[in-house]
Amino acid sequence: MSIASSSAAYSQAQQQYAPLGVDTQKAIERLSRVSISLHCWQGDDVGGFESSGEDLGGGLAVTGNYPGKACNPDQLRADLEKAYSLIPGRHRLNLHAFYLESQGKKIERNQITSAHFRGWIDWCKAQKLGMDFNPTCFAHPMASDGFTLAHRDPAIRRFWIDHCTACRRIGSEIGQQLGSPCVTNVWIPDGYKDIPADRLAPRQRLLDALDQVFAEQINPAHNLDAVESKLFGIGSESYVVGSFEFYYAYAITRRKLMCLDAGHFHPTETITDKISSALMHLPEILLHVSRGVRWDSDHVVILNDDLQAMMLELVRGNFLERTHIGLDFFDASINRLAAWVIGTRATLKALLLAMLEPTAKLRDLENAGDYTTRLALMEQLKTMPFGAVWDHYCAMQNVPVESAWLAEVKTYEKNVLSRRG
Ligand code: RNT
Ligand code: ZN
């Protein structure tokens, strides 16, 4: 679609939304202020650059063998640059610690410093991207039995405490360098495949370890700490130490960000209804936008009901300023770059849909007890010309409209990805 035809369709859409009291221009401006943190790990199947040959472990499984995955930091950055160029708005990068650059030298995870991330920080600076960070408590011999911060061996615990502490310092340096606070998110795989005899002791050890990790005061203008819960994983079906209740109470009592991963709850439970509750007790939260499908918690995000409900909640509650939106999915069975673009654009589309909602009207109807009109209006909104507003926004931001971005990925695949060994 040309810019001219997209803007004719946009004018019509604008006129259709106006009688509902919806200002499409305002919605677009609001959307342009939202930053989403793109996870580096979609680009190389959660591989990292330690080249230790270690299994991924931690209950994380990436399936598929689509050709062309990024094999070094330069390739990953090139792929990310292409992805960002197909996504409207200014966004962020979410990096895992095992994506360090050490010039071929083996650096133990408890020894990493910001020097190992110089390349990433400089690149983010040049690309005008904010950056977030994560300790990597998996894919490592010290994590091979499935326990890290809650391990019964104090030496192993110590190793992971030191790794997480190092990561917070790196996060702080990232935040200072880039002039935007870095969210450093702690997720550990710790749990049991089968029924534990003791559910308490590992949680006591985790609590103590986390308190040590967070003992050092770090300026929240540079680094913000988040903790991520999980219900179950592959190999931890019966018990996960860092459950939702554990971390929710921890985040509230320690003033940490709670990370809600959409794929980390009972398969029929969604995080939508948790957001307003959590934000009554916590100043800020982190989302891992993901899509659970049966036992997998990390399918590529699409514009489905769950995603729309989640983003609606952020917009309706005016929670965007207090919510850090990160993505967390990995699929190696499709073009990896397309996966980023599909997932990020879907998240933005869901936000735009929410911003085009006449929320005040719906609330008035609710408060008047007119649930019939409330439901009818919600249904009416589903056939409004939202796609024209989205295409217009993409055109304004100089990125391809919905029908045009894939061709650019295919060209990149032909010219770049297919030539990788
Ligand atoms: C795992 C967690 C975690 C990871 C990343 C790679 O279940 O969701 O966030 O996906 O750290
Ligand atoms: Zn996650």
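Residues numbered from 1 in each chain as written. Chains lettered and ligands numbered in written order. Predicted model: local features only at pLDDT ≥ 70, side-chain atom pairs only at ≥ 80, totals over all residues. Heavy atoms only, no water.

1. Some details on the environment of L377
For step 1, the next point in the chain: Here L377 lies in helix α12 (residues 371-381).
For step 2, the next point in the chain: For L377 and E357, which are 20 residues apart along the polypeptide, the C-alpha to C-alpha distance reads 9.8 Å.
For step 3, the next point in the chain: Setting aside residues no more than four positions away along its own chain, L377 makes contact with L20, P358, K361, L362 and L365. (Helix = DSSP H or I, 4+ residues; strand = E, 2+ residues; numbered from the N terminus. Contact = heavy atoms within 4.5 Å.)

2. Re the coordination of the zinc ion (ligand 2)
For step 1, the next point in the chain: For the zinc ion (ligand 2), the full set of protein donor atoms is E228 (OE), D261 (OD), H288 (ND1) and D328 (OD), at a range of 2.1 to 2.2 Å.
For step 2, the next point in the chain: Classification of the site at the zinc ion (ligand 2) as octahedral follows from its 6 donor atoms and the range of 70 to 165 degrees in their angles at the metal.
For step 3, the next point in the chain: Here the donor residues of the zinc ion (ligand 2) are spaced in sequence according to E-x32-D-x26-H-x39-D. A residue pair is termed long-range when its members are at least 10 positions apart, and E228 in strand β6 (residues 223-228) and D261 in strand β8 (residues 257-261) qualify at 33 residues.
For step 4, the next point in the chain: The exposure class assigned to E228 is buried, which follows from its relative accessible area of 3%.
For step 5, the next point in the chain: Residue D261 is classed as buried on the basis of its relative accessible area of 0%. (Donors = N, O, S within 2.8 Å, 3.2 Å for Na, K, Ca; no water. Tetrahedral: all angles 85-135°; square planar, octahedral: opposite > 155°, others 65-115°. Buried < 20%, exposed > 50% of the residue type's maximum accessible area, 1.4 Å probe, protein only.)

3. Considerations on the site of ligand 1
For step 1, the next point in the chain: For ligand 1, the full set of nearby residues is W41, L60, H96, W187, E228, K230, D261, H264, H288, D328 and F330.
For step 2, the next point in the chain: D261 has a polar side-chain atom sitting 3.0 Å from an oxygen atom of ligand 1.
For step 3, the next point in the chain: Take D328: an N or O atom from its side chain is 2.7 Å from an oxygen atom of ligand 1.
For step 4, the next point in the chain: Its free accessible area being 310 Å², ligand 1 has 99% of it covered by the protein chains.
For step 5, the next point in the chain: Of the residues contributing to the shell around ligand 1, the split by class is 4 nonpolar, 3 polar and 4 charged. (Near = heavy atom within 4 Å. Polar contact = N/O pair within 3.5 Å; in protein donor to acceptor, adjacent residues only side chain to side chain. Areas by Shrake-Rupley, 256 points an atom, 1.4 Å probe, with all protein chains shown as cover. Nonpolar A, V, L, I, M, F, W, Y, C, P; charged D, E, K, R; others polar.)

4. A few points about the pattern of salt bridges
For step 1, the next point in the chain: On inspection of all chains with the given rule, the structure shows 20 salt bridges.
For step 2, the next point in the chain: Among the ionic pairs, R336 bridges to D45, the shortest N-O distance being 2.7 Å. One end of the pair, R336, is in helix α10 (residues 336-355); the other, D45, is in the loop between β1 (36-39) and α3 (73-84), and 291 residues separate them in sequence.
For step 3, the next point in the chain: Residue R336 is classed as buried on the basis of its relative accessible area, which comes to 6%. (Salt bridge = Lys/Arg side-chain N within 4 Å of Asp/Glu carboxyl O.)

5. Concerning the environment of N72
For step 1, the next point in the chain: In this fold, N72 is placed in the loop between β1 and α3.
For step 2, the next point in the chain: Spatially, the C-alpha atom of N72 lies 42 Å from that of P385, the residues being 313 residues apart in sequence.
For step 3, the next point in the chain: Polar side-chain contacts of N72 include one of 2.8 Å to the backbone nitrogen of Q75.

6. Considering the pairing of strand β9 (residues 285-289)
For step 1, the next point in the chain: In terms of residue burial, β9 counts as a mostly covered element, since 5 of its 5 residues are buried.
For step 2, the next point in the chain: Here β9 shows two buried faces, one formed by I285, L287 and V289 and the other by L286 and H288.
For step 3, the next point in the chain: Two strands pair when backbone bridges link them, and β8 and β9 are joined in this way by 4 bridges, in the parallel orientation. When the bridges of β9 are listed, C259 appears paired with L286.
For step 4, the next point in the chain: Since β8 and β9 lie parallel, the crossover through helix α8 (residues 272-281) that links them has a hand, and here it is right-handed.
For step 5, the next point in the chain: Bridge count for β9 against strand β12 (residues 323-327) is 5 bridges, and the pairing is parallel. (Pairing = 2+ DSSP bridges. Right-handed = clockwise from strand over helix to strand, strands pointing away.)

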